[in-house]
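Notes for the structure review
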Amino acid sequence: MSWQPPYHSSKFRHVFAKPASRENCYTGLPITHSVHDNAFCAVNPRFIAVVTECAGGGAFLIISIYHRGRVDPQHNRVCGHQARVLDVRWDPFSDLRIASCSEDCTVKVWNIPPQGLRENIARPVKDLRGHTRRVGLIEWHPIAKDILLSSAYDYKRSSLCAHRPCKVVFASDLQLLVTTGASYWNQRQIAVWDSEDLTAPLWEEDLDGESGVLFPFYDPDTHMIFLAGKGDGNTRFFDLSSDKPYLHYLADFRSPLPQRSMAVMPKRGLDVSVCEVFRFYRLVGVKDLLEPLSLIVPRRSEDFQEDLYPPTAANEPALTAAEWVEGHTRVYTPPGSDDEREELWCLRVELQKKDMRISQLEQDITHLHHTHPHKPYSALTKPTALLTHSGWAKHAEEDVYKVWGKEK
């Protein structure tokens, strides 16, 4: 990249990537062989969805986030499509609802049981038909409930100046578009655009001569841009600003294992105790592997780092579908004083940990039930008490109600 000013003030300048150990990865996944430049996996704080290779249709796996090691080849799947699945997306407001699109020109919405899949699912709750060609992209609305966007292949192509964009992210808080693509000389490029004037990019830069697509990811809370190359193991981290040169290099992660695509964990699923600010899930096709990759900002203090975790998107919609269609909008207003917000955040973090522990216990109970099918269910559930950091020794469900001062 070209020369940049040597000093750029950023609290994330020391960020580093920490891949999960082999025993904490997900192995043995029959990853799809599709050559499309799509996201073939998706993640939320409870489940991971991975598009798989199968004959006679399209399917994807649903794995518990707490599963570790090798995945059973006969693991139950979601298999209602008549052709290859091209994209999957979790509903941002429900960890139990997922959408998928396929080469069969349909978009389907599925409900996942809280304990995961105990059998194959072939009937969706919604079967959306309207496209005449394969559907390659779906995306849920980030703030409005029950709004789903889909895009199909129409064989049209546009070119803006010498930069041929392939992927784009919208930094709405800065009113900027960031695109990745290629130059006329087939150099991989990144460009920054004014969202209100697309006649020419504000800034563009050649990155390298690799041929794989660059997937951009944007974190509006930290104003960080991440570039992950398909077919290589490199991931670059940048700080995005509204002033030139717009992008400031921070660090990168290099791996000998090439990635097919990457999924991003929502902020409510991160581990704030280790100052984790972002987490990828790298889909490595050559090893049938899904590898978690945590981005951590090193801090000496073990206290909660408020500057790293500003108010973020919750799993509650700000608008209904009808309100969004009518043109309504909502502006976020932080509740109460700084002390009240900090206390509310700590309660949410504590509740999140307990929810994750409850989900893990549910998975353990299900596993015990399958391992010992002749034992009554009540005998398997009696010892499910947990000891939290606050010293409580209560059943997991009662513990969650105690956080909010409510009685069950």
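As the structure is a prediction and not an experimental result, all values here were calculated from the model. (Residues numbered from 1 in each chain as written. Predicted model: local features only at pLDDT ≥ 70, side-chain atom pairs only at ≥ 80, totals over all residues. Heavy atoms only, no water.)

Within the protein, the regular secondary structure consists of four helices and 26 strands. Taken across its 408 residues, the protein has 44% of its residues classed as buried. For the protein, contacts bridging at least 24 residues in sequence account for 52% of all contacts bridging at least 6. Working note: accessible area of the protein is about 21900 Å², and carbon and sulfur atoms make up 51% of it. (Helix = DSSP H or I, 4+ residues; strand = E, 2+ residues; numbered from the N terminus. Buried < 20%, exposed > 50% of the residue type's maximum accessible area, 1.4 Å probe, protein only. Contact = heavy atoms within 4.5 Å. Areas by Shrake-Rupley, 256 points an atom, 1.4 Å probe, with all protein chains shown as cover.)

A full pass over the atoms with the stated rule returns 20 salt bridges. Between D146 and R97 there is a salt bridge; the shortest N-O distance is 2.6 Å. In this pair, D146 sits in the loop between β12 (135–140) and β13 (148–152) while R97 sits in strand β9 (residues 97–102), placing the two residues 49 residues apart along the sequence. Here the salt bridges share partners, and the residues they tie into one network are R188, D208, D232 and R236. (Salt bridge = Lys/Arg side-chain N within 4 Å of Asp/Glu carboxyl O.)

Core analysis: the largest hydrophobic core is formed by 33 residues, its most contacted members being L29, F60, I62, I98, I112, Y281 and L290. Of all the secondary structure elements, the ones that give two or more residues to this core are β3 (41–43), β4 (47–52), β5 (58–64), β8 (85–90) and β23 (276–284). Looking at which element gives the most residues to this core, the answer is β4, with five residues. In this structure, L290 is in contact with C25, Y26, L29, C41, I48, V50, Y281, R282 and L283, ignoring residues within four places of it in sequence. F217, F237, L295 and V349 belong to the second-largest nonpolar core, a separate cluster that totals 24 residues. (Core = buried A, V, L, I, M, F, W, Y, C linked by side-chain atoms within 4.5 Å.)

Once that is clear, we can look at the environment of C346. Among the secondary structure elements, C346 is positioned in helix α2 (residues 338–371). Classification of C346 as partly exposed rests on a relative accessible area of 38%. C-alpha of C346 to C-alpha of F304: the two residues are 42 residues apart in sequence and 8.5 Å apart in space.

Glancing now at the side chain of N44. Within the fold, N44 resides in the loop between β3 and β4. Reaching out from N44, the side chain makes a polar contact with the backbone nitrogen of R46 at a distance of 2.7 Å. Within the structure, N44 has its side chain in polar contact with the backbone oxygen of D95 (distance 3.2 Å). Once you skip the residues sitting within four places of it in the chain, N44 turns out to touch I65, W90, D95, M265 and P266. (Polar contact = N/O pair within 3.5 Å; in protein donor to acceptor, adjacent residues only side chain to side chain.)

Attention now moves to the sheet that holds strand β21 (residues 247–254). Here we have four strands laid out as an open sheet, ordered β18-β19-β20-β21, and antiparallel in their pairing. The two strands at the open ends of the sheet, each matched to only one other strand, are β18 (214–219) and β21. Strand-to-strand twist in this sheet, taken as the mean axis angle between neighbours without regard to direction, amounts to 20 degrees. (Pairing = 2+ DSSP bridges. Axes fitted to C-alpha atoms, helices over the stretch in contact; angles between N-to-C directions.)

Taken in spatial order, the four strands line up as β14-β15-β16-β17 in an open sheet, and their pairing is antiparallel. At either end of the open sheet lies a strand with only one pairing partner, and these are β14 (164–171) and β17 (203–208). With direction set aside, neighbouring strand axes in the sheet form an average angle of 20 degrees. In this sheet, strand β16 (residues 188–194) lies alongside strand β15 (residues 176–182) in antiparallel orientation, the contact comprising seven bridges.

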